[in-house]
Amino acid sequence: MNSKVKKIALLSGGGDCPGLNAVIRTITKIAIEKYNWEVIGFVYGYRGLYNNNYVELTVDKVEDIYKEGGTILYSSNKDNLFDYLVDDGNGGKVRKDVSDVGVENLKKDGVDVLVVLGGDGTLTSARDFSRKGVNVIGVPKTMDNDLTSTDLTYGFISAMSVGTEFIDRLQTTAKSHHRVICCELMGREAGWISLYAGLAGNAGVVLIPEIPFTIENIAKAVKKRDEAGLPYTVIAVAEGAKYADGTKSIGKIVEDSPDPIRYSGLAAKVADDLEKVIPNHEVRSVNPGHIIRGGDIDAYDRILSIRFGNKACAMIDEGLFGNVVSLKGGNMEYTSLEEVIGDAKFGKQKLVDPNGDLVLAAKAMGVSFGDE
Ligand SMILES: Nc1ncnc2c1ncn2[C@@H]1O[C@H](COP(=O)(O)OP(=O)(O)OP(=O)(O)O)[C@@H](O)[C@H]1O
Ligand SMILES: O=P(O)(O)OC[C@H]1O[C@](O)(CO)[C@@H](O)[C@@H]1O
Ligand SMILES: [Mg+2]
């Protein structure tokens, strides 16, 4: 053991996903049992850091959360301490950089290292705290799998598995009624969940943000399946996919979120538009929404959570601050926050390559992406 670290603090930010609790558990257990570090957790993400609202983490508190989805530290996808809504003193609100309050709270609490569990948004703030001199370690989470520099994020496999089950279940009912059923899956600007769940569940059409589509091309794919003796089609629709003319389906604008767009409703729109051009089929849609990120942690994500948490502890011990744990080619490594996030206001995103092997394999097997 190398470090002079005595106390570490964890926080989770962004949308919850299965795996957060298992990482919190791994880090807490290893920190206490191997390194003898004290562990606290700020609650509700960066808001907890601002309000100095934290809980002590002990082995007995985390022992049973190895498979529990969500996060016992709670989470927020709104609070950016570098651009925070505070009272203006006249009954209104004003945006202010209050990050110094977070830095002061860490000093006051005697925290040597801040471990941040989050996606591109949460890690953007982590980069900025690192630039202010805070010892930060990032542990990349997101069911969207859209983070650069790591092959996988925990949460993705669990969400993708639930998405696959949805598509599987839709297959039997679509087949029985010769229907076309569009199933919307989360993922923001990235198509990973829809691509993987769609292909794992044998969807005939997969619509992802990286490959714009037309209704005419989808209709062509449905007709081709009809002619091949498959008069039913399940369509995996990524919430952030777009028509070739750029049309997207925005469900909600969350004004006080740094990334305010929430996609929703695309599967319903595609179903409506498609039914007009294929009157021989009833076209339906479902949107499981947050269901795919709720529930238990998949077995593989439990293992990833042990590997990510263990690597985070080793990095703390070695003083490798300003870095994010990364899984690369099967090995646990690390990448600098500056590289993972880049210099942008919003972090870089890892998107599906429209010419990548999986898309090309799917096309070779007759799956349509609505682009041809
Ligand atoms: N550009 C940014 N600069 C600083 N902080 C940010 C930025 N974008 C988001 N954040 C902060 O990061 C946290 C979560 O952001 P976001 O909603 O982007 O989730 P995420 O961490 O990317 O996870 P996921 O995408 O899986 O939900 C919030 O506290 C938010 O205020
Ligand atoms: O929890 P909210 O605010 O509805 O955010 C939903 C978004 O969060 C994610 O679940 C994770 O980033 C996205 O796939 C989805 O678009
Ligand atoms: Mg994100």
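Residues numbered from 1 in each chain as written. Chains lettered and ligands numbered in written order. Predicted model: local features only at pLDDT ≥ 70, side-chain atom pairs only at ≥ 80, totals over all residues. Heavy atoms only, no water.

Named according to an unreviewed UniProt entry, the protein chain is ATP-dependent 6-phosphofructokinase originating from Catenibacterium mitsuokai. The UniProt entry for the protein chain carries this comment under Sequence similarities (unreviewed entry): "Belongs to the phosphofructokinase type A (PFKA) family. Mixed-substrate PFK group III subfamily." A UniProt comment under Function (unreviewed entry) is attached to the protein chain, and it reads "Catalyzes the phosphorylation of D-fructose 6-phosphate to fructose 1,6-bisphosphate by ATP, the first committing step of glycolysis." (UniProt positions renumbered as here; feature names shortened; annotations may be inferred.)

Enquirer: So what's going on with the layout of surface pockets? Residues and values would help.
Expert: Its boundaries defined by the atoms lining it, the largest pocket holds a volume of some 1000 Å³. Lining the largest pocket we find 46 residues, and of these N77, R188, S257, D259 and R262 sit closest to its centre. If you list the elements that add at least two residues to the lining of the largest pocket, you get α5 (120–131) and β12 (261–263). Ranked by residues supplied to the lining of the largest pocket, first place goes to α5 with seven residues. Looking at the second largest pocket, its volume works out to about 490 Å³. In terms of lining residues, the second largest pocket is bounded by 23 residues, among which G204, M365, G366, V367 and S368 are the most central. (1 Å grid on protein atoms, 1.4 Å probe; cavity = no way out; pocket = protein on both sides within 12 Å on 5 of 7 lines; lining within 4 Å. Points joined across faces, edges and corners; volume = space filled by probe spheres on them. Helix = DSSP H or I, 4+ residues; strand = E, 2+ residues; numbered from the N terminus.)

Enquirer: Could you give an account of the site of ligand 2, with specific residues and numbers?
Expert: Taken together, N77, M143, D144, M186, G187, R188, E239, R262, H290 and R293 are the residues near ligand 2. Within the side chain of N77, one N or O atom sits 3.1 Å away from an oxygen atom of ligand 2. Its free accessible area being 400 Å², ligand 2 has 87% of it covered by the protein chains. In this structure, ligand 2 is accommodated by the largest pocket. Tallied by class, residues from the shell around ligand 2 come to two nonpolar, three polar and five charged. (Near = heavy atom within 4 Å. Polar contact = N/O pair within 3.5 Å; in protein donor to acceptor, adjacent residues only side chain to side chain. Areas by Shrake-Rupley, 256 points an atom, 1.4 Å probe, with all protein chains shown as cover. Sits in = over half its atoms within 2 Å of the grid points. Nonpolar A, V, L, I, M, F, W, Y, C, P; charged D, E, K, R; others polar.)

Enquirer: Could you give an account of the packing of aromatic side chains, with specific residues and numbers?
Expert: How two aromatic rings sit relative to each other is set out by the distance from centre to centre and by the angle between their planes. Enumeration according to the criterion identifies 10 aromatic pairs in this entry. Pairing Y154 with F308 gives two aromatic rings, centres 5.7 Å apart and planes at 70 degrees, and the pair type is edge-to-face. Highlighted residues: Y154 in the loop between β7 (136–140) and α6 (156–177) and F308 in helix α10 (residues 299–317), separated in sequence by 154 residues. Accessibility assignment for this pair places Y154 and F308 in one class, buried. Three or more aromatic residues link up through ring pairs in this structure, and these residues are Y46, F82 and F129. Above the plane of the ring of Y232 lies R225, whose end atom (NZ or CZ) is 5.2 Å from the centre. (Phe/Tyr/Trp six-rings, centres within 6.5 Å; stacked < 30°, edge-to-face > 60°. Buried < 20%, exposed > 50% of the residue type's maximum accessible area, 1.4 Å probe, protein only. Lys NZ or Arg CZ within 6 Å of the ring centre and 35° of its normal.)

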